[in-house]
Every structure is written in C-alpha cells, then in structure tokens.
Amino acid sequence: MTAYMLDGTKIARDIKSDVATQAKELEHAPQLAVILVGDDPASKIYVQKKQEACDECGFESFVCYVSAIATTEALIDVVHRLNNNPEISGILVQLPLPSHIDKFAVLNEIDPAKDVDCFTPTNLGLLAQNRAILEPCTPQAVIEILKRYNLSPAGKRVAIVNRSLVVGQPLATMLMRENEWGNATVTVCHDRTENFQYHTANADFVITAVGKPDVYRLRGNMIRGDAVVIDVGISRMNGKIIGDATEDVADFASYLTPCPGGVGPVTCAILMRNTLIAARSQLE
Ligand code: GUN
C-alpha cells in the first residue's frame, strides 16, 4: 500500500482564511503576545511563523523578548503585564524555557481567558470536563486533520507515542470523548513501554510525537498494513527537517501526514483560531 498524503498546508490555509474572515467582523483586530526567552534559533523560527500567521489573519502580534538570564519572578511580571493589558487577546510563552526557570510557576500565571496554548491548570481541568473554551493546539490539529479527511477514530484502536501535557495527555483525553471525533480506544506509549511495537502494530491509528531521531523513529515494520499515521514529531537531521516516521512508513500506511507540511502548519492555524476565540470571549 502507498499512503495517501494528508495535506496539512492546505488545511492550514483554509482555517486561516476562515479565521481572517471572522476576525474582520470584530471591532478590534485580535492581538497575540508571544514571550520569547533567550535566543534559541528554533524557537525564533517558530515565533516568526506565528507572527506571519497573525499577519495572514489580519491580527496584531507582539513579541516580548526576554533575556535568557531573566528570573522566574521577572517572567511572571511580564505575564502579569500582558494579563492586565486589555489590547492583548492571547498570550503564548514559547517553550522550552531555560532550565533555571520554574516553567509551571510562569505558565500558571497566564490569565486562562488569554491562554491560547491551553497550558494553565484551569484550562486543562476544563478540558478534562469537556468544557474548555480554549483547547490545546497540537491535539486540535491532529483531530482537525482526521475530520477534514473523514477518518473517524470512533471505536478504533489509537496508539499515541507521547505522554506530555502539551500533546499526548490532552490528545488522549480528547480522543476518548463521547463524540464522533472521539470514542477511540487509546493507548499512550512512552520510553518505558514494554513491547512497544506490539502497541503500534495493533493500532488502527498511530499518532507519533517524539522528535528525537537519535533514540526513536517509527518504521514501516512497526505499523499495521493499513494504519493511519499522524506524524507530529519534528526534528532536524543533516540539515533536513524530518518527522518521526521513516520513509518506508509511506509504503505501509493507508494515510500519512508529511513532515514538513503536515501537523505543523495546522497547529499554527489552530493557534490563530484560538486567538480569535479568546478575543471574542473577552468582548462578551
Ligand atoms: N514550542 C514548540 N511548540 C510550541 C507550542 O506549540 N507552544 C509553545 N508555547 N511553545 C512551543
């Protein structure tokens, strides 16, 4: 089987176009504030992409550049200032933060109404109750791709290779919901999973989000012959951007997201949609 490639770039274009149309109806353009700590080159590129997406949607964007040696308290002050600024609709703290910073102490201070990443305990709690207004971007992007290609995970076995609070855990929660785009039987795999390949090889859907090619790749012989593979992993190898899946996965899978051009652009477009939702909810 040769996999049908799921076109994240097109989905992202459609979402941003829809968001731009809806944003025009607001009295003020939504504004996204991004906090960038230090000068990690990869983070700078991600932030630039978010700014470009804001431009495409007719949003204002603002980057708060903070020194790599800033303290946790100084960063919390920046978050408080953005919380109190009525012109800011959404706040995003670009991760990773330097290791001396208490990440959760900073993220937990974001006003939940402006928490477009869904990183705060309030929004993660609301997500568990299926009542969140702002849901996390990458899990939403995965489900949006499935929706657009009518690939319902309902009743199917889904293996998620990632257990983070940003991707694996919220995605598992969302895929287990009692709705058409949930109702899946979810297994969350990680680096301590015994018999790892048993789980991926028995899954109808494999969603992989590791991004560490030196320790893990998803290979063709690790999946079922007709599996749907969503590749969230992103890393660089010999100057080339690659996902978690090796090239031979395309020979086995029925559907596959490419990398680049798969989940990444959709995640960025969903961030724009969350910023619009945040802006709207603040006007109410
Ligand atoms: N770093 C890499 N991806 C992301 C993301 O989606 N959100 C934030 N805040 N930081 C990131």
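Residues numbered from 1 in each chain as written. Predicted model: local features only at pLDDT ≥ 70, side-chain atom pairs only at ≥ 80, totals over all residues. Heavy atoms only, no water.

1. Quick word on the sheet that holds strand S3 (residues 60–66)
On the basis of which strands lie adjacent, the open sheet formed by three strands has the order S3-S2-S4 and parallel pairing. Each edge of the open sheet carries a strand with a single partner, namely S3 and strand S4 (90–93). Going across the sheet, the axis of each strand differs from the next one's by a mean of 20°, ignoring polarity. Summarising the sheet, strand S2 (residues 31–37) and S4 pair through four bridges and their orientation is parallel. Note that in S4 the partner of Ala33 across the bridge is Ile91. Its contacts with the sheet put helix H3 (residues 72–83) on S2, S3 and S4, and the angle it makes with S2 is roughly 175°. (Pairing = 2+ DSSP bridges. Helix = DSSP H or I, 4+ residues; strand = E, 2+ residues; numbered from the N terminus. Axes fitted to C-alpha atoms, helices over the stretch in contact; angles between N-to-C directions. Contact = heavy atoms within 4.5 Å.)

2. Some remarks on the pattern of salt bridges
The full count for this structure, using the stated rule, is nine salt bridges. Of the charged contacts in the structure, one is a salt bridge between Glu135 and Arg177, with a shortest N-O distance of 2.7 Å. With Glu135 in the loop between helix H5 (121–128) and helix H6 (137–148) and Arg177 in the loop between helix H7 (168–175) and strand S6 (185–189), the pair connects residues that are 42 residues apart, well separated along the chain. (Salt bridge = Lys/Arg side-chain N within 4 Å of Asp/Glu carboxyl O.)

3. Regarding the confidence of the model for the protein chain
Residues with a pLDDT of 70 or more make up 100% of the protein chain, whose mean pLDDT is 97. Considering each helix and strand of the protein chain separately, the mean pLDDT is smallest for strand S9 (residues 235–237), with a value of 93, and largest for strand S7 (residues 205–208), with 99. (pLDDT = per-residue confidence, 0-100.)

4. A word on unusual backbone geometry
Following Leu95, the chain continues to Pro96 via a peptide bond in cis, the omega torsion being 5°. Between Cys259 and the following residue, Pro260, the backbone shows a cis peptide bond with an omega angle of 0°. One non-glycine residue, Asn150, lies in positive phi territory at about 55°. Secondary-structure assignment places Asn150 in the loop between H6 and strand S5 (157–161). Residue classification places Asn150 among the exposed residues on the basis of a relative accessible area of 59%. Even without being a glycine, Asn195 presents a positive backbone phi close to 55°. (Buried < 20%, exposed > 50% of the residue type's maximum accessible area, 1.4 Å probe, protein only.)

5. With respect to the site of the ligand
Taken together, the neighbourhood of the ligand is formed by Leu92, Val93, Gln94, Leu95, Asp117 and Phe119. Burial of the ligand by the protein amounts to 76% of the accessible area it has alone, namely 270 Å². Looking at the shell around the ligand, its residues break down into four nonpolar, one polar and one charged. (Near = heavy atom within 4 Å. Areas by Shrake-Rupley, 256 points an atom, 1.4 Å probe, with all protein chains shown as cover. Nonpolar A, V, L, I, M, F, W, Y, C, P; charged D, E, K, R; others polar.)

6. What about the environment of Asn202?
Looking at where Asn202 falls in the secondary structure, it is placed in the loop between helix H8 (196–201) and S7. Residues Asn202 and Ile223 lie 21 residues apart in sequence; the distance between their C-alpha atoms is 7.2 Å. Once residues lying within four places of it in the same chain are set aside, the contact partners of Asn202 are Arg157 and Arg224.

7. Details of the sheet that holds strand S11 (residues 255–256)
Spatially, the six strands line up as an open sheet ordered S1-S11-S8-S7-S5-S6, and their pairing is parallel. The open sheet has two edge strands, strand S1 (4–5) and S6, and neither has a second partner. Pairing of S5 with S6, which is carried by five bridges, proceeds in the parallel orientation. Across the sheet, the residue bridging to Val158 is Val186, located in S6. Lying on the sheet, H7 is in contact with S5, S6 and S7; it crosses S5 at an angle near 165°.

8. Structural notes on the side chain of Gln94
Topologically, Gln94 is positioned in the loop between S4 and helix H4 (103–107). Aside from chain neighbours lying at most four places away, what touches Gln94 is Val34, Ile35, Leu36, Ser43, Tyr46, Val47 and Lys50.

9. Thoughts on the pairing of S3
With seven bridges joining them, S2 and S3 adopt parallel strand pairing. Following the sheet pairing, Val37 is matched in S3 by Val66. Between S2 and its parallel partner S3, the chain crosses via helix H2 (residues 41–57), and the hand of that crossover is right-handed. (Right-handed = clockwise from strand over helix to strand, strands pointing away.)

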